[in-house]
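# Architecture and fold: a report
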Amino acid sequence: MKTASTVAALRKARARLKGTLGFVPTMGALHEGHLTLMRRSVRENGHTVASIFVNPRQFGPSEDLAKYPRTLKEDLKLCREAGVDLVFTPDADVMYPDGFDTFVEVERLSRPLCGEFRPGHFRGVATVVCKLFNIVQPSRAYFGQKDAQQVLVLARMVEDLNMPLKVVTCPTVREKDGLAMSSRNRYLSPSERERALVISRILAEVKRQFDKGERDVGHLVSIMESALGAEMDEVQYAEIRRLADLTEFPGPIDAPALAAVAGYVGTTRLIDNVTLTPSRGRNA
Ligand code: PAF
């Protein structure tokens, strides 16, 4: 496995990788969720590139950029074991040199849900991923459904800007007890982790009720809000929106939907979601 920390070095190493190229962009602090994306990319492509870059442009001024976990040595070992061929590890001044002044904004999809609570977040994500796609030039890029809104934003960007690659969405990877895997889970104390389980538990309950025929958004949202409110320190949102474009349902759920939650347990922000589709057995 090779590593490159400049654009020129990445391009030189990437040019030697012939055939289809899978790409897994990450911010490091890798866990089984990332490794699942990498293994799938390795299976589906001739070669796989990963990137490890904690992107300052997607963190707000009061967010956890400074304390975001950085575990590069261990991450590189995990990438190698997963079968990755090349890892891009740029510093911030490589991605954003002096004078940097161009941003990508996916307007409508970036507004609701996390966009409401993290102004500028998806602009930062779309900008860095656009740059990474231009640098790496992958055939396919792999993302987890846990960041459902991020995937929608990036798929829209790829479509709108005619980028020649496919966005592949992979199911959320969960701990045995249901907690969605996240680099931020390591901030949780044992008691906070216990309380955080309410998120996956109530999303599973919403899905159960939906599968039994419940279509009333107000009812499903109210069961989420009361369960989450009892355990979380702050519930930012608990919403059900159309899966295709994140718009609201004016009446009963009549199309594939996303039930999505975000909020704080202690000082840790957690997000999770499930998809609600009429066919059984398809969970995020
Ligand atoms: O999902 C993430 O880890 C980040 O948002 C991404 C896609 C690597 C962009 O910085």
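Everything below is about the structure shown above.
Calculation rules
- Residues numbered from 1 in each chain as written.
- Predicted model: local features only at pLDDT ≥ 70, side-chain atom pairs only at ≥ 80, totals over all residues.
- Heavy atoms only, no water.
- Helix = DSSP H or I, 4+ residues; strand = E, 2+ residues; numbered from the N terminus.
- Buried < 20%, exposed > 50% of the residue type's maximum accessible area, 1.4 Å probe, protein only.
- Contact = heavy atoms within 4.5 Å.
- Pairing = 2+ DSSP bridges.
- Right-handed = clockwise from strand over helix to strand, strands pointing away.
- Arc of directions from axis to C-beta.
- Axes fitted to C-alpha atoms, helices over the stretch in contact; angles between N-to-C directions.
- Disulfide = S-S within 2.5 Å.
- Near = heavy atom within 4 Å.
- Polar contact = N/O pair within 3.5 Å; in protein donor to acceptor, adjacent residues only side chain to side chain.
- Areas by Shrake-Rupley, 256 points an atom, 1.4 Å probe, with all protein chains shown as cover.

Turning to the environment of Val 94, a few remarks are in order. Note that Val 94 resides in helix 4 (residues 92-95). The exposure class of Val 94 is partly exposed, given its relative accessible area of 26%. For the pair Val 94 and Val 7, spaced 87 residues apart in sequence, the C-alpha to C-alpha distance is 7.4 Å. Each residue touching Val 94, except ones within four places of it in the same chain, is listed here: Ser 5, Thr 6 and Val 7.

What follows is about the pairing of strand 5 (residues 140-144). In this sheet, strand 5 lies alongside strand 2 (residues 21-26) in parallel orientation, the contact comprising two bridges. Along strand 5, the bridge assignment pairs Gly 22 with Arg 140. Bridging between strand 5 and strand 6 (residues 166-170) involves five bridges; their strand directions are parallel. Its bridge partner being in strand 6, Ala 141 is matched across the sheet by Val 167. What joins strand 5 to strand 6 is helix 8 (residues 148-160), and the crossover it makes is right-handed.

This part is about the environment of Leu 154. Tracing the backbone through its elements, the reader meets Leu 154 in helix 8. With 13 residues separating them along the chain, Leu 154 and Val 167 place their C-alpha atoms 7.8 Å apart. If near-sequence neighbours (up to four positions away) are discounted, Leu 154 is found in contact with Val 125, Ala 126, Val 129, Phe 143 and Val 167.

What follows is about the pairing of strand 2. Counting buried positions over the six residues of strand 2 gives six, a clear majority of the element. Burial along strand 2 is two-sided: the face carrying Leu 21, Phe 23 and Pro 25 and the face carrying Gly 22, Val 24 and Thr 26 are both buried. Judged from the six bridges that link them, strand 2 and strand 3 (residues 47-52) form a sheet pairing that is parallel. Looking at strand 3, one finds that Leu 21 is bridged to His 47. For the crossover from strand 2 across helix 2 (residues 32-44) to strand 3, the handedness is right-handed.

The next point concerns helix 3 (residues 72-82). For helix 3, the complete set of buried residues consists of Asp 75, Leu 76, Leu 78, Cys 79 and Ala 82. Taken down its axis, helix 3 places every buried residue within 160 degrees of arc, on the same side. Along helix 3, exposed side chains directed more than 90 degrees from the buried face belong to Lys 73 and Glu 81. Packing partners of the buried residues in helix 3 comprise strand 1 (2-4), helix 2, strand 3 and strand 4 (86-88). Just beyond helix 3, the residue with positive phi is Gly 83, at close to 100 degrees.

Let us now look at the sheet that holds strand 7 (residues 234-242). Read from one edge of the open sheet, three strands run 7-8-9, paired in antiparallel fashion. In this open sheet, the two edge strands, each paired with only one partner strand, are strand 7 and strand 9 (268-276). Each neighbouring strand pair of the sheet contributes to a mean axis angle of 10 degrees, computed without reference to strand direction. Here eight bridges tie strand 7 to strand 8 (residues 257-265), and the two strands are oriented antiparallel to one another. By the bridge assignment, Val 235 is partnered in strand 8 with Gly 263. The strands that helix 9 (residues 190-211) touches are strand 7, strand 8 and strand 9; relative to strand 9, the one it contacts most, it runs at about 15 degrees.

Next up on the list: the state of the cysteines. Here the structure, examined in full by the defined rule, presents zero disulfides. Here Cys 114 stays unpaired: no disulfide links it, and the sulfur of Cys 170, its closest cysteine neighbor, is 19 Å away. Overall, Cys 114 belongs to the buried group, its relative accessible area being 7%. Unpaired in terms of disulfides, Cys 170 finds its nearest cysteine sulfur in Cys 79, a separation of 15 Å.

In this section: the sheet that holds strand 3. The parallel open sheet is built from six strands, whose spatial order is 1-4-3-2-5-6. Only two strands of the sheet have a single neighbouring strand rather than two, namely strand 1 and strand 6. Across the sheet, the axes of successive neighbouring strands diverge by a mean angle of 25 degrees, strand direction being ignored. Relative to the sheet, helix 7 (residues 121-136) contacts strand 2, strand 3, strand 4 and strand 5, its axis offset from that of strand 2 by approximately 145 degrees. Strand contacts of helix 8: strand 5 and strand 6, with the helix running at about 165 degrees to strand 6, the strand carrying the most contacts.

Further remarks concern the site of the ligand. Taken together, Pro 25, Thr 26, Met 27, Asn 55, Gln 58, Val 128, Val 129, Phe 143 and Gln 150 make up the full set of residues near the ligand. Gln 58 is positioned with one of its side-chain polar atoms (N or O) 2.6 Å from an oxygen atom of the ligand. Take Gln 150: an N or O atom from its side chain is 2.7 Å from an oxygen atom of the ligand. Here the ligand has 290 Å² of accessible area as a free molecule, and 89% of this is covered by the chains.

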